[in-house]
Amino acid sequence: MQVACYGSEFEVPDFLIDKFTKDFEGLPGSGQRESVIQLRMSIDDIFDYIAEEPDMLHEFSIRSDFVKALAMQEAMGKLGILHDA
């Protein structure tokens, strides 16, 4: 999956999205609302950090975390747990 943001293109590997989808597939309907909220907050924290300092994406570890957050967000969206109903 290609994602354009902060003036750059990012490749989010399908295998990574699939991995997180499999990891999270037990969450919908499980009653683990707090876990879902914590995942959302972690993703949002990474996006907020990058929004404040987009140049940080030049650092490998930051870029890697950002791509993982994009994959997690996509997986949660597929499972219907990205947003509350």
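Our subject is the structure that appears above.
Just so it is clear, the structure is predicted and the values come from calculations on it, not from any experiment.

About the cut-offs
- Residues numbered from 1 in each chain as written.
- Predicted model: local features only at pLDDT ≥ 70, side-chain atom pairs only at ≥ 80, totals over all residues.
- Heavy atoms only, no water.
- Helix = DSSP H or I, 4+ residues; strand = E, 2+ residues; numbered from the N terminus.
- Buried < 20%, exposed > 50% of the residue type's maximum accessible area, 1.4 Å probe, protein only.
- Salt bridge = Lys/Arg side-chain N within 4 Å of Asp/Glu carboxyl O.
- Patch = residues over 30% accessible without salt bridge, like charges linked within 9 Å, V, L, I, M, F, W, Y side chains within 5 Å.
- Areas by Shrake-Rupley, 256 points an atom, 1.4 Å probe, with all protein chains shown as cover.
- Lys, Arg positive; Asp, Glu negative; His and termini not counted.
- Charge placed at Lys NZ, Arg CZ, Asp CG, Glu CD.

K.L.:
Looking at this structure, I do not really get unusual backbone geometry. What am I missing?
P.N.:
Both trends apply: most residues other than glycine have a negative phi, and most peptide bonds are in trans. Phi at Tyr6 takes a positive value of approximately 55°, unusual for a residue other than glycine. Checked against the element boundaries, Tyr6 lands in the loop between strand 1 (2–5) and strand 2 (8–11). Residue class for Tyr6 comes out partly exposed when judged on its relative accessible area of 37%.

K.L.:
Where do I start with the pattern of salt bridges in this structure?
P.N.:
Opposite charge on two side chains allows them to pair when their charged atoms are near. Per the counting criterion, the structure on display carries one salt bridge. For Asp23, the salt bridge is made with Lys19, and the minimal N-O distance between the two is 2.6 Å. Of this pair, Asp23 and Lys19 both sit in helix 1 (residues 14–24), four residues apart, which is roughly one turn of that helix. Residue classification places Asp23 among the partly exposed positions, given a relative accessible area of 45%.

K.L.:
Help me understand a negative patch on the surface in this model?
P.N.:
Residues Asp44, Asp45, Asp48, Glu52, Glu53 and Asp55 make up a contiguous surface patch of negative charge. Here Asp48 shows up in helix 2 (residues 33–52).

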